[in-house]
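Below are the chains, spelled out letter by letter.
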Amino acid sequence: MTRIVHVSDLHYELAPERLKPGVRQLLDQSVPILKETHPDLVVVTGDLTSYGCFDRNQLVGVHRWLEELGLAYLAIPGNHDFSANVARGNLYPIMETYEAVPWDQTNFAQTFHQGPLVTVQEGPLTLLAVALREGDPDGSLAQLAVALQNLDGPAIVLGHYPLVVTKDVGVLATFGYQGYIDAVRDQLLNLLLAQPLVRAYLCGHVHAQTVTVLDGGLVQLSAGGLGPGASAGWVIDVVGANLEVRSLRGGGPEIFWPGEMLGDCDSLDYHLWCGSEPLAIPLGRAVAS
Ligand SMILES: [Fe+2]
Ligand SMILES: [Fe+2]
């Protein structure tokens, strides 16, 4: 059996921790939980740090933390590691410093030594991890389009940002899928929808564990924020003709967003998927005739 574990938004900080004091301790509490799942691969969909695009040492720190897990992993950057656009950089100059340089010169690429698209084969699954910023100056989508054309089996695509809204109430009715890669987001979504072999899109950024079913049965899964909360991700198993997806609770806080931002929803319900049965995602997808 092939098992993928999906977590996101570690928000690792070197001392002194400023945005989330105690975050490294919270992350360390999740280490035994991750190990006990015995994954073939851990995927991390961005915001590995809070200040990585301002200070490369932060990315060096989280790279070391990931290496010390002792598990195979695949990580992509989020807006705190690899800023999405100039406007965000101007709004948050320390947390989302825009690096107006080619991919190879960014803090993330210099630390993780990978390209804007990474392809990994795990059992029958191809995983395609894409780093994307506004306007796609790195040519990430062209690389992804070629990889998608060449697929000959089921695939999962990883990105940081949700491609559609994750919650229709509260803060996430607007936050998360807008404001970062607006000019290229639909291009990415359309690439995925046009390839029936893509079964799931794994993302983070919203700090909540959500499930959204898109056209053709493509499923968008967001993992929570393993460090700051909601400390929850996904265990994804290949079982027969399906992907079976179960919730994985980490060792950190169960909630992230304050109650007054949730539109009168129960805070736990807002942050955590509460299905009692695993989600089943067929590995084969119906193609419109
Ligand atoms: Fe985040
Ligand atoms: Fe983010």
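Residues numbered from 1 in each chain as written. Chains lettered and ligands numbered in written order. Predicted model: local features only at pLDDT ≥ 70, side-chain atom pairs only at ≥ 80, totals over all residues. Heavy atoms only, no water.

Let's talk about the packing of aromatic side chains
Here the structure, examined in full by the defined rule, presents 8 aromatic pairs. Taking the centre distance of 4.9 Å and the plane angle of 85° together, the rings of F256 and W257 count as edge-to-face. A residue is classified by how much of its surface remains accessible, and W257, at 12% relative accessible area, is buried. Above the plane of the ring of Y51 lies R18, whose end atom (NZ or CZ) is 4.7 Å from the centre. (Phe/Tyr/Trp six-rings, centres within 6.5 Å; stacked < 30°, edge-to-face > 60°. Buried < 20%, exposed > 50% of the residue type's maximum accessible area, 1.4 Å probe, protein only. Lys NZ or Arg CZ within 6 Å of the ring centre and 35° of its normal.)

Focus on the side chain of S83
Examined against the element boundaries, S83 turns out to sit in the loop between β3 (73-76) and α3 (86-91). For S83, a relative accessible area of 1% translates into the label buried. A polar side-chain atom of S83 sits 2.6 Å from the main-chain carbonyl oxygen of E96. (Helix = DSSP H or I, 4+ residues; strand = E, 2+ residues; numbered from the N terminus. Polar contact = N/O pair within 3.5 Å; in protein donor to acceptor, adjacent residues only side chain to side chain.)

Let's talk about unusual backbone geometry
With an omega of -5°, the peptide bond between A15 and P16 qualifies as cis. Within the secondary structure, P16 sits in the loop between β1 (2-7) and α1 (23-36). Between G229 and the following residue, A230, the backbone shows a cis peptide bond with an omega angle of -15°. One non-glycine residue with positive phi stands out, namely H11, at about 55°. Structurally, the position occupied by H11 is in the loop between β1 and α1.

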